[in-house]
Amino acid sequence: MRFLFVPVNYNSYDSLNAYIKAVGRALRTTDDETIQVDIHVADNSSKPMEVNQQDGLTICVRHYDNPGYLSAALKTIYAADIPSYDYIIISNVDVLVDESFFASMKDLEVDKQTAWIAPAIFSESEKRDVNPKIQERYSKKRLQLLRMLFRFPLLYHLYTQTVYRKKVITATQKPQQDIYAGHGSFMIFTSAFFQKCPKMDYPVFLFCEEIFLAEKVRSIGGKTTYCPSIKIHDKEHASTGKMKLSKYCKYNFEALTYIIRHFYE
């Protein structure tokens, strides 16, 4: 079983090195010589630095002039030998795989149509599993409402302090199930997804990557499956946490505009 990890880094080398260390620890814990792991870092950093190496891992770094999260990840994936991998992972760097990661992946049972595996991602700040991110496909009206929230930053701030906070408080653990989209901080895809799907381009700097990829999965007749036996620990927003609210809302508004135009009209 061969894995390609594609973490996207933006001036967060402490988080990136911790990420690599966690992958190495999980691999040593599994102690299975049939598992091979490559880490190809999509580095959007303004000041590139050296990345720590780990025994048992093949690590390389590709530097970009910050085209955005998913765009940098896709560039890195398409530069790799996709058919040689079983699973390809796109992620932030502020997440840590659990020590049980590779053992749980070996034991995983999913439908052959599953193209995207959404793991349990335990948020340190929200104290909950942020998956399943989106259980059913949004209606156009729902997306337009979300876009309106991001058009007015103060309105979005009010939403986060009321409706969203209630959603966090009432969250409960769910069993393995098919969903529309997983959380974008750590996404596991079969290599078959990239081989079946026409070459993708997401010309949006940040946000709504989950919806874009969910639509691509649907386009090939694939499925997204939430698998809580796969555990990830989210250390939270190494890059976007530093972003001003106005810019955060601007990027989300632009992303939702793209999604609506390309998949709902």
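Described below are features of the structure shown in this document. (Residues numbered from 1 in each chain as written. Predicted model: local features only at pLDDT ≥ 70, side-chain atom pairs only at ≥ 80, totals over all residues. Heavy atoms only, no water.)

The subject of this paragraph is the packing of helix α8 (residues 209–219) against helix α9 (residues 245–263). Relative placement of two packed helices is described by the angle separating their axes and the distance separating the axes. Relative orientation of the contacting elements α8 and α9 amounts to 20°, with a least axis distance of 10 Å. One finds that α8 runs roughly parallel with respect to α9. Pair α8 / α9 crosses with left-handed handedness. Seen from α8, the contacting residues are Ile 211, Phe 212 and Glu 215; seen from α9, they are Tyr 258, Ile 259 and Phe 263. Classifying every residue of the contact of α8 with α9 by side-chain character gives 5 nonpolar, no polar and 1 charged. (Axes fitted to C-alpha atoms, helices over the stretch in contact; angles between N-to-C directions. Helix = DSSP H or I, 4+ residues; strand = E, 2+ residues; numbered from the N terminus. Parallel < 35°, antiparallel > 145°, perpendicular 65-115°, else oblique. Left-handed = near helix turned anticlockwise from the far one by under 90°. Contact = heavy atoms within 4.5 Å. Nonpolar A, V, L, I, M, F, W, Y, C, P; charged D, E, K, R; others polar.)

Here we take up the pairing of strand β2 (residues 36–43). Buried residues dominate β2, accounting for 7 of its 8 residues. Bridge count for strand β1 (residues 2–9) against β2 is 6 bridges, and the pairing is parallel. In the sheet register, Arg 2 faces β2, and the bridge partner there is Gln 36. Two elements, β2 and strand β3 (residues 57–63), share 7 bridges in a ladder whose sense is parallel. Each bridged residue has a counterpart across the sheet, and for Asp 38 the counterpart in β3 is Thr 58. (Buried < 20%, exposed > 50% of the residue type's maximum accessible area, 1.4 Å probe, protein only. Pairing = 2+ DSSP bridges.)

Moving on to the pattern of salt bridges. One pass over the full model with this rule turns up 12 salt bridges. The shortest N-O distance in the salt bridge between Lys 133 and Glu 210 comes to 3.1 Å. Of this pair, Lys 133 sits in the loop between β7 (128–129) and α4 (140–151) while Glu 210 sits in helix α8, and the two are 77 residues apart along the sequence. Residue classification places Lys 133 among the partly exposed positions, given a relative accessible area of 32%. Given a relative accessible area of 9%, Glu 210 falls into the buried group. (Salt bridge = Lys/Arg side-chain N within 4 Å of Asp/Glu carboxyl O.)

Looking now at the state of the cysteines. In total, this model carries 0 disulfides according to the counting rule given. Of the cysteine sulfurs around Cys 208, a residue in no disulfide, the closest is that of Cys 249, at 12 Å. Of the residues examined, Cys 249 reaches a relative accessible area of 1% and is grouped as buried. (Disulfide = S-S within 2.5 Å.)

A word on the environment of Gln 177. When you line up the elements, Gln 177 lands in strand β8 (residues 177–179). Gln 177 gets classed as partly exposed once you look at its relative accessible area, which sits at 22%. Spatially, the C-alpha atoms of Gln 177 and Val 61 are 35 Å apart, while their sequence positions differ by 116 residues. Sequence-distant contacts of Gln 177, defined by excluding residues within four places in its chain, comprise Gln 135, Thr 224, Thr 225 and Tyr 226. There is a polar contact of 3.1 Å between the side chain of Gln 177 and the backbone oxygen of Pro 175. (Polar contact = N/O pair within 3.5 Å; in protein donor to acceptor, adjacent residues only side chain to side chain.)

Next up on the list: unusual backbone geometry. For the peptide bond that leads from Asn 131 to Pro 132, omega is -5°, which places it in the cis range. Here Pro 132 shows up in the loop between β7 and α4.

Before going further, it helps to spend a moment on α9. If you check α9, its first and last C-alpha atoms are 27 Å apart, about what 19 residues at 1.5 Å a residue would give, namely 27 Å. Residues of α9 that are buried: Cys 249, Tyr 251, Asn 252, Ala 255, Leu 256, Thr 257, Tyr 258, Ile 259 and Ile 260. (Expected span 1.5 Å × (residues − 1).)

This part is about the environment of Thr 30. Within the secondary structure layout, Thr 30 lies in helix α1 (residues 13–30). Considered as a pair, Thr 30 and Phe 102 are 72 residues apart in the sequence and their alpha carbons are 6.4 Å apart. Contact partners of Thr 30, with chain neighbours within four places excluded, come to Ile 35, Phe 102 and Ala 103.

Turning next to the packing of aromatic side chains. Under the criterion given, the structure shown has 21 aromatic pairs. With a centroid separation of 5.7 Å and an interplanar angle of 80°, the aromatic rings of Phe 189 and Phe 194 are classed as edge-to-face. Since its relative accessible area comes to 0%, Phe 189 is described here as buried. By relative accessible area, which is 5% here, Phe 194 ends up buried. (Phe/Tyr/Trp six-rings, centres within 6.5 Å; stacked < 30°, edge-to-face > 60°.)

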